[in-house]
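# Understanding the architecture of this molecule
Take a look at the letters that make up each chain.
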Amino acid sequence: MTTSGTGPGPIPGPTENSLRRALKRARDGVALDVAEAAVLLQARGEALEDLAASAARVRDAGLEAAGRPGVITYSKSVFIPLTRLCRDKCHYCTFVTVPGKLRRAGHGMFMSPDEVLDVARRGAALGCKEALITLGDKPEERWPEAREWLDARGYDDTIAYVRAISVRILEETGLLPHLNPGVMSWTDFQRLKPVAPSMGMMLETTATRLWSEPGGPHHGSPDKEPAVRLRVLEDAGRSSVPFTSGILIGIGETYEERAQSLFALRKVSRAYHGIQELIIQNFRAKPDTAMRGMPDAELDELVATVAVARHIMGPSACLQAPPNLVDSEYGRLIGAGVDDWGGVSPLTIDHVNPERPWPQIDELAEKSAAAGFELRERLCVYPEFVGRGEPWLDPRLLPHVRALADPQTGLAVPDAVVEGHPWQEPEEVFVPSGRTDLHRTIDTEGRTSDRRDDFDEVYGDWAALREAAAPGMVPERIDTDVRQALATAADDPTKLTDGEALALLHADGPALDALTRIADDVRRSAVGDDVTYIVTRNINFTNVCYTGCRFCAFAQRRTDADAYTLSLDQVADRAQQAWELGAVEVCMQGGIHPDLPGTAYFDIAKAVKERVPGMHVHAFSPMEVVNGATRTGLSIREWLTAAKEAGLDSIPGTAAEILDDEVRWVLTKGKLPAATWIEVVTTAHELGIRSSSTMMYGHVDQPRHWLGHLRTLAGIQQRTGGFTEFVTLPFIHTNAPVYLAGISRPGPTVRDNRAVTAMARLLLHPYIPNIQTSWVKLGTEGAAEMLRSGANDLGGTLMEETISRMAGSSYGSYKSVKDLVAVADAAGRPARPRTTLYGEVPEERQRAAAESDGHLPQLLPVLD
């Protein structure tokens, strides 16, 4: 028996054969598994030298490929401990303190802006380019003093202060903030991405027992749960944030657990390509902590872990080991595969390890040179991401990064002048550009190609995605009696159990026919026989977007042939033209264009209202609402209130897709989580802003996901009453990236469409009375069939529809009033126009629509 020095007790050491076999696989460049990695972590002596040598060769190949052979990097930085308060209780930490100690030392609960800027200015004078902002997790949730400090200065939470101080650092000093605020939500990333080129959070370990078991180093620390921290890493990738992470070795983990942590990091890195560096940090015991008696992680442990990490992460990964924690043994770490020394400050101490001073930069350069490496300065954001540009760097940060970066290498310009620059929205946002006639030419000329130019990068790793999608696409066995479920539905659909509802969602043949008859009967009793429609115009003001939705064929890069952005005048022109043709509504949505400020949505609504005061503005999906709120620094409630004042009348309930994150994170790389979608629509409803609700289905989902989605919508409606209708959105697969990559199904079947429409009627009854079917996605015959399956609404004339057409829908970009009436006729039902809120349409509007038939004359151009 041998002891790892880090595990819970004595463990068997590796056999000579297993170590020899693992070393050979590492030398030969064969992918390691967890067991082999755990064996190699225990290599010592000649075996460790062998392992390190092969790891160094992997590193050298990566540096050669990156165009910087023989270069090891560091960042010249200042360390800013914004607050040392924290809600966690890590047993090895001396960084964190309590309010009483801060007061006795004469400090505030947070560093003041003046204190922060003083450090940053002095760092800038010394040529520093990074402001490393480190702080405890959510201190206001544990310490009333922290909450009082924030409230007194007008900050809703710690993240709001981090954002505000980052802007001041950028504008007043020129340093680039690298943010370490601990566990962040997806929304937090959206709030902070515009003010920081990079962020970070150590994973530390995936060993849950070290968090869950009493006496463990992370016990009592809610933010140290491994699943929570992995979700943060994934949200960083989804948000296209260059992110630093790593592991802390020697805190009680076994070798296998350490290997599992490295593989977890590799999985996230491969899925999102967003981990810019991995820190391998060795535990150092500190006095006055619960783990003061724990032995330090030995240097051999660190060297072996660096080498194994290099083999697991591969040649393109950037590996860092903090130089102040290794007692000048730099050569051994370079020999094991590191290529970065991290942040080194000529001004401030390492506040996390205050007993370990930074080495002098000259000394670091000398030690690196002795190992055959040239020390070069980088920025807080790594060269690869400087080169990638959008969507990894927000447009508001680009001037700040470019002022300090070498455009050829992406590394820092050592003697660059470090000075503040304005942090502001791009100028001239609403400049018409690109294919602004796409709304007309999509039907005549089509799209330029079936996919955008960055297909292989923008959506993440397709191989990892196939693996993630597989569990959600496995059908379930249904044991519930369909006949009993049909009887319950016919008697009282509100009493359907989940088992019965799931059985009906799988119904086919005569059972499906019976289901649609029941749904049609419920429709008749709820809303009568009238088929409603609305004379409306879609205005998609831009299709430039980098969110990475894998189902979306509409989004383009700004340089793609089919990309476009409309001016405010063009938006208003189209709204005015729609009004003249009898429209009562414009539905306006667009891509998440990186140049659009959060106030752009207000400008769009105002432009329409000023030109056509009577037009109902139905605009801005929940994703756009979050984008607007995070870009302006407003809360969702504040932003929606301002949008309503600007002219917003209601919002589309799009961006819902499937309200199950198991499915959402396959469908989209960076769109808002289900909980945030729910927050946006419920907040809108509370403010008196009504919304539609939607579900896109037939891709990587199963009926169990449809059931959960519909139950969620029904629950929201019972609480708020704010949904005007439910819209079924069958997935259009033809040009959808997730289909082109061979992952999704080719859209729903006719059976699926009938079952979803019927069950939407039953499961949403009596809360959401209006069920809309989509002629855009189903065509005339398909829409008529859905009207016989429980639907009562046909949606709008649209006048211009580009989103589904770009995806490959073959049913055109508009329908005339006569066309919609004909669909209702095909279903044997009368048709009548409606408003957005399902009210009566004024006679004057009806006459205008009758004269134009609710569509654009072919020879009437939209002025450009």
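Computed from a prediction, not measured in an experiment: that's the story for all the values here.

Considering the arrangement of structural elements, one finds Asp339 in the loop between helix H13 (330–336) and strand E10 (340–344). Judged by its relative accessible area of 6%, Asp339 falls in the buried class. A distance of 2.7 Å separates the side chain of Asp339 from the backbone nitrogen of Leu319, its partner in a polar contact. With near-sequence residues (within four places) excluded, Asp339 lies in contact with Arg59, Leu63, Val71, Ile72, Thr73, Arg310, Ala317, Cys318 and Leu319.

Another point: the packing of aromatic side chains. Per the stated rule, a full pass over the model turns up 15 aromatic pairs. Judged by centre distance (6.5 Å) and plane angle (25°), the rings of Trp677 and Phe723 are stacked. Taken as a pair, Trp677 in helix H28 (residues 674–686) and Phe723 in strand E20 (residues 723–730) lie far apart in primary sequence, 46 residues in all. The exposure class assigned to Trp677 is buried, which follows from its relative accessible area of 0%. Three or more aromatic residues joined by ring pairs make a cluster, and in this case those are Phe541, Tyr601, Phe602, Phe620 and Trp639. Above the face of the Trp665 ring, Arg238 is positioned so that its terminal group lies 3.7 Å from the ring centre. Here Arg388 stacks its cationic end above the ring of Trp392, 4.8 Å away from the centre of that ring.

Glancing now at helix H12 (residues 299–313). Here H12 is 15 residues long and its end C-alpha atoms lie 21 Å apart, about the 21 Å a rise of 1.5 Å per residue gives. Among the 15 residues that make up H12, 13 are buried, leaving the element largely enclosed by the rest of the structure. Note on H12: the residue one or two positions beyond its end, Gly314, has a positive phi of about 95°.

This next bit is on the packing of helix H21 (residues 498–505) against helix H31 (residues 750–763). With their axes 9 Å apart at the nearest point, H21 and H31 run at an angle of 150° to one another. Taken together, the axes of H21 and H31 are roughly antiparallel relative to one another. Of the residues in H31, those in contact with Ala501, Leu504 and Leu505 of H21 are Arg751, Ala755, Met759 and Leu763. Of the residues belonging to the contact of H21 with H31, the class tally is 6 nonpolar, no polar and 1 charged.

Let us now look at the pairing of strand E4 (residues 130–135). By the criterion of burial, E4 is predominantly enclosed, with 6 of the 6 residues buried. Of the two faces of E4, the one lined by Glu130, Leu132 and Thr134 and the one lined by Ala131, Ile133 and Leu135 are each fully buried. Looking at chain direction, strand E3 (residues 71–83) and E4 are connected through 6 bridges and run parallel. Within E4, the position partnered with Val78 by the bridge is Ala131. Bridge count between E4 and strand E5 (residues 176–180): 5 bridges; the pairing is parallel. Bridge pairing in E5 places Thr134 opposite Asn180.

Once that is clear, we can look at the environment of Glu171. Counting through the fold element by element, Glu171 comes out in helix H7 (residues 158–172). Judged by its relative accessible area of 36%, Glu171 falls in the partly exposed class. In this structure the C-alpha to C-alpha distance between Glu171 and Glu419, which are 248 residues apart in sequence, comes to 8.0 Å. With residues near it in sequence (within four places) discarded, Glu171 still touches Gly420, His421, Pro422 and Trp423.

Among the 5 residues that make up strand E16 (residues 585–589), 5 are buried, leaving the element largely enclosed by the rest of the structure. When strand E14 (residues 536–540) meets E16, the two strands line up parallel, connected through 5 bridges. Bridge pairing in E16 links Asn540 to Gln589. Relative to strand E17 (residues 616–619), E16 is paired through 4 bridges, and the arrangement is parallel.

So, on to the state of the cysteines. Tallying each qualifying case throughout the model produces 0 disulfides. The thiol of Cys549 is not disulfide-bonded; the next cysteine sulfur, from Cys552, is found 6.1 Å away.

For Arg231, the location among the structural elements is in helix H10 (residues 226–238). In this structure, the C-alpha to C-alpha distance between Arg231 and Trp186, residues 45 residues apart in sequence, is 9.1 Å. If we skip the residues at most four places from it in the chain, Arg231 touches Val183, Met184, Ser185 and Trp186. A polar contact is formed between the side chain of Arg231 and the backbone oxygen of Met184, at a distance of 2.6 Å.

With that settled, the discussion passes to the packing of H10 against helix H11 (residues 255–272). It is the contact of H10 with H11, at a shortest axis distance of 9 Å, that shows an interaxial angle of 20°. Accordingly, the angle class assigned to the pair H10 and H11 is roughly parallel. Crossing handedness for the pair H10 and H11: right-handed. For the pair formed by H10 and H11, the contact residues are Leu230, Leu233, Glu234, Gly237 and Arg238 on the first element and Ala264, Leu265, Val268 and Tyr272 on the second. Grouping the amino acids of the contact of H10 with H11 by side-chain chemistry returns 6 nonpolar, 1 polar and 2 charged.

In this section: the pattern of salt bridges. Under the defined criterion, the tally for this structure stands at 55 salt bridges. A salt bridge links Glu141 to Arg87; its shortest N-O distance comes to 2.6 Å. Highlighted residues: Glu141 in the loop between E4 and helix H6 (144–152) and Arg87 in the loop between E3 and helix H4 (99–104), separated in sequence by 54 residues. Exposure remark for Glu141: the relative accessible area of 53% places this residue in the exposed category. Judged by relative accessible area, which is 21%, Arg87 ranks as partly exposed. Between Asp513 and Arg754 there is a salt bridge whose closest N-O contact spans 2.9 Å. With a gap of 241 residues between them, Asp513 in helix H22 (residues 509–527) and Arg754 in helix H31 connect regions that are remote in the sequence.

Okay, unusual backbone geometry next. Between Glu390 and Pro391 the backbone carries a cis peptide bond, its omega angle lying at 0°. Within the element layout of this structure, Pro391 appears in the loop between helix H15 (383–388) and helix H16 (398–402). Of note, the amide linkage connecting His765 to Pro766 takes the cis form, showing an omega dihedral of 0°. When you line up the elements, Pro766 lands in the loop between H31 and strand E21 (771–772). In this structure, Lys138 is a non-glycine residue whose phi angle is positive, near 35°. On the secondary structure map, Lys138 appears in the loop between E4 and H6.

What counts, and where the lines are drawn
Residues numbered from 1 in each chain as written. Predicted model: local features only at pLDDT ≥ 70, side-chain atom pairs only at ≥ 80, totals over all residues. Heavy atoms only, no water. Helix = DSSP H or I, 4+ residues; strand = E, 2+ residues; numbered from the N terminus. Buried < 20%, exposed > 50% of the residue type's maximum accessible area, 1.4 Å probe, protein only. Polar contact = N/O pair within 3.5 Å; in protein donor to acceptor, adjacent residues only side chain to side chain. Contact = heavy atoms within 4.5 Å. Phe/Tyr/Trp six-rings, centres within 6.5 Å; stacked < 30°, edge-to-face > 60°. Lys NZ or Arg CZ within 6 Å of the ring centre and 35° of its normal. Expected span 1.5 Å × (residues − 1). Axes fitted to C-alpha atoms, helices over the stretch in contact; angles between N-to-C directions. Parallel < 35°, antiparallel > 145°, perpendicular 65-115°, else oblique. Nonpolar A, V, L, I, M, F, W, Y, C, P; charged D, E, K, R; others polar. Pairing = 2+ DSSP bridges. Disulfide = S-S within 2.5 Å. Left-handed = near helix turned anticlockwise from the far one by under 90°. Salt bridge = Lys/Arg side-chain N within 4 Å of Asp/Glu carboxyl O.

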